[in-house]
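Chain by chain, the residues:
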Amino acid sequence: MRNLLIVDDEVYALQAMLEGVDWKAAGIDQVFGACDVEEARQVIRTEAIDILICDIEMPGETGLDLQSWVLKHDPGILTIFLTGHALFDYAQTAIKLNSFDYLLKPAPAEQLIKVVTQAMDKIRDGEQRTRTNEVYETAYKRWKTHKPLLTERFWKDAVSQRSALTPQKLQELAELYGAEIDPEVRVLPIVISVEEWVREFNLRDEEVLEYALRNAAREMLLGDKPGEVFQDHSGLNIVLAYEQDGTVLSAEEARQRCQRYIQECGTYFYCRLSCYVGAPVAVTELQGMLNDLMDMERRNIKELEEVFVYDERHRAQEDRFLPIPWFSELSILFETGKVDDLRERVHEIFELLAAQEGLSPEMLRLYYHAMLHVVYPLLHQNNVSIRSLYPGEREPEEAVVTRSLSQLKQWTLDLIDRVIPVLYPDDQNPMSIVDQLCIYIENHIGEELMREELAAFAGFNPAYLSRLFRKEKGMSLSEFILQRRVAMAKTLLSQSTVKVTDIAGKVGYYNYSHFTKMFKKCTGITPQEFRKQSRTV
């Protein structure tokens, strides 16, 4: 008796397949149905199921979760996947590696019968062997099915050990998982880092694509060479090429295979990734080599879609920190609503960063937090939280934003596009150019402020700017600057013990006599007399 189990959370689709298909034509005697993964498990535990037709996308656990369980508990079942997801066509080949077939919903009855008939033929072919061989083959297939899973678990635990992977520890892990590992054999590790998905995917889609990437890596990077592909506990995909007949995959051959792999994955799996190729090491030294490769991956913030080969000479590379003096200027541009100038300055900043040698990941994180420090106060003044800038979306995570220069730049430009409309809604106009100029002067009061420089900031002819400023403020530009400098000097004289000569420099006067003259012109007394009077009061 041949039994078929159909799993689909769509009740009408399930009913149509249970009642609307002539399964007897495909050699099926009894058909069972389930609406979710747990119900399917109950059926498999109680009934001898030969073929499983399963929808991939279901609430809670997915069809892939069920297939993983089936491989552990009853690997003799042949699985046919169904999905209505339009983008799953590119994962078809990868998924088929662990299933009998893959169909796009809604699958016509004739197609279902055809595929199930082919599955039945495969079952019958196996049954033509003698009973002795049949028992042997079943046991062997189950062992073969479980062995890769156990080997993968072995490597996951081996590379995540906090202490050194000694021969004794290696032997203990090998016995625990039934893995056949020679501690003396050399291994060439390759770390695959997905830098960016070029399409928007939900978490479930990304899991399927990561699964497809590993299968593609097994085919393209290992080929006919022995090895293992798995995902470590941190989420990085790792390829291990084993030594065979005294030789290991060469660095140049690994580079060429990785370059083709990067290109193919970009085309078919909608991602940008890089590969980090290590040096051949003994299994007991694998941890250290993987740590070095992961450090290379962490430090790489500028070059994407590349192959990087481990070089001992670059191992002791130190992080480099740069001053970032741009944020006072960016803050002014945010406050004054000068979007075009803001975006242009961001482009210039990232050109500067891209030209730096040895730029560290910490530098990107420093920039990220400094930019938030600019934006937070402005949003707070408008009673807006930064989370509200992303309605219905996940707020970008720091680890993703600071993964590379290009991603950090894109985040910055996107942040500008989200913040400016909040600061200046459609029914409000940004500050006038004169008000913008006043803020600029306040923030640069200690510098030598030339009329030409201020005109360049405002984007006007110097003579026109002078006329415009007098019209709006009722005083000349030079008179305004003098007032602001004297006002700041008065504050410093009355509220600090800074020397008068130093105060002159802080408010933009580098000639002490000139400072005294200008101060007396505005107040009628000298700076020393003002300080004495303020303290007396």
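Above this note sits the structure.
These numbers were taken from a predicted model, which means no experiment stands behind them.

Caption draft 1: Examining the pairing of strand β6 (residues 186-197) more closely. Of all 12 residues in β6, 9 are buried, a share of seventy percent or more. As defined by bridge partners, β6 adjoins strand β10 (residues 281-282) across 2 bridges and the pair is classed as antiparallel. Its bridge partner being in β10, Arg 186 is matched across the sheet by Ala 282. Where β6 lies against strand β8 (residues 237-242), 6 bridges are found, and the strand directions are antiparallel. By the bridge assignment, Leu 188 is partnered in β8 with Ala 241. Judged from the 7 bridges that link them, β6 and strand β9 (residues 271-277) form a sheet pairing that is antiparallel. The residue of β9 that forms the bridge with Trp 197 is Cys 271.

Caption draft 2: Just the pattern of salt bridges, in detail. Inspection of every chain in the model, using the stated rule, returns 19 salt bridges. The salt bridge involving Glu 10 is made with Lys 105; its shortest N-O contact spans 3.5 Å. You can see Glu 10 sitting in the loop between β1 (3-7) and α1 (11-19) and its partner Lys 105 sitting in the loop between β5 (101-104) and α5 (109-127), a full 95 residues away along the chain. Take Glu 10: its relative accessible area is 43%, and that puts it in the partly exposed class. With relative accessibility at 19%, the residue Lys 105 sits in the buried group. Measuring nitrogen to oxygen at the nearest pair gives 3.1 Å for the salt bridge that ties Arg 345 to Glu 348. Within this pair, Arg 345 and its partner Glu 348 are both found in helix α12 (residues 339-354), separated by 3 residues, close to a single helical turn.

Caption draft 3: Geometry of the pairing of β9. Burial analysis of β9 places 6 of its 7 residues in the buried class, the great majority of the element. Across 3 bridges, the pairing between β9 and strand β11 (residues 307-309) is parallel. Bridging across to β11, Val 277 finds its partner in Val 309.

Caption draft 4: Representation of the nonpolar core within the structure. Counting 57 residues, the largest nonpolar core has Phe 334, Met 371, Trp 411, Leu 415, Ile 441 and Leu 454 as its most contacted members. At the level of secondary structure, the elements contributing two or more residues to this core comprise α11 (327-336), α12, α13 (361-381), α15 (405-423), α16 (433-443), α17 (451-458), α18 (462-473) and α19 (477-495). At 11 residues, the largest contribution of residues to this core is made by α13. In contact with Phe 334, not counting residues within four places along its chain, are Leu 342, Met 371, Val 374, Val 375, Leu 378, Ile 416, Val 419, Ile 420, Leu 423 and Tyr 424. By size, the runner-up hydrophobic cluster in this structure holds 29 residues, among which are Ala 217, Val 229, Ile 262 and Cys 265.

Caption draft 5: Representation of unusual backbone geometry in the model. Of note, the amide linkage connecting Lys 105 to Pro 106 takes the cis form, showing an omega dihedral of -5°. Checked against the element boundaries, Pro 106 lands in the loop between β5 and α5. Here Asp 245, not a glycine, exhibits a phi torsion of approximately 55°, which is positive. Within the element layout of this structure, Asp 245 appears in the loop between β8 and α9 (251-268). With a phi angle near 55°, Tyr 270 is a residue other than glycine that sits in the positive phi range. Counting through the fold element by element, Tyr 270 comes out in the loop between α9 and β9.

Criteria and cut-off values
- Sequence order as written defines residue numbering, which begins from 1 separately in each chain.
- It should be noted that, the model being predicted, local features are given only for residues of pLDDT at least 70 and side-chain atom pairs only at 80 or more, the latter also being counted only at that level, while totals for whole chains, interfaces and linings use all residues.
- In computing side-chain values, all of the structure's heavy atoms are included and hydrogens and water are not.
- Relative accessibility under 20% of the residue-type maximum defines a buried residue, over 50% an exposed one, and the middle range a partly exposed one, all with a 1.4 Å probe and only protein chains included.
- Helix numbers and strand numbers start at the N terminus; a helix is a DSSP run of H or I with at least 4 residues, a strand a run of E with at least 2.
- Strands pair, by our definition, only if DSSP identifies at least two bridges between them.
- Counted as salt bridges are all cases of a side-chain nitrogen of Lys or Arg within 4 Å of a carboxyl oxygen of Asp or Glu.
- Joining through side-chain atoms within 4.5 Å is the link that ties buried Ala, Val, Leu, Ile, Met, Phe, Trp, Tyr and Cys residues into a set, and such a set is a nonpolar core.
- Contact criterion: two residues are considered in contact whenever any of their non-hydrogen atoms come within 4.5 Å of each other.

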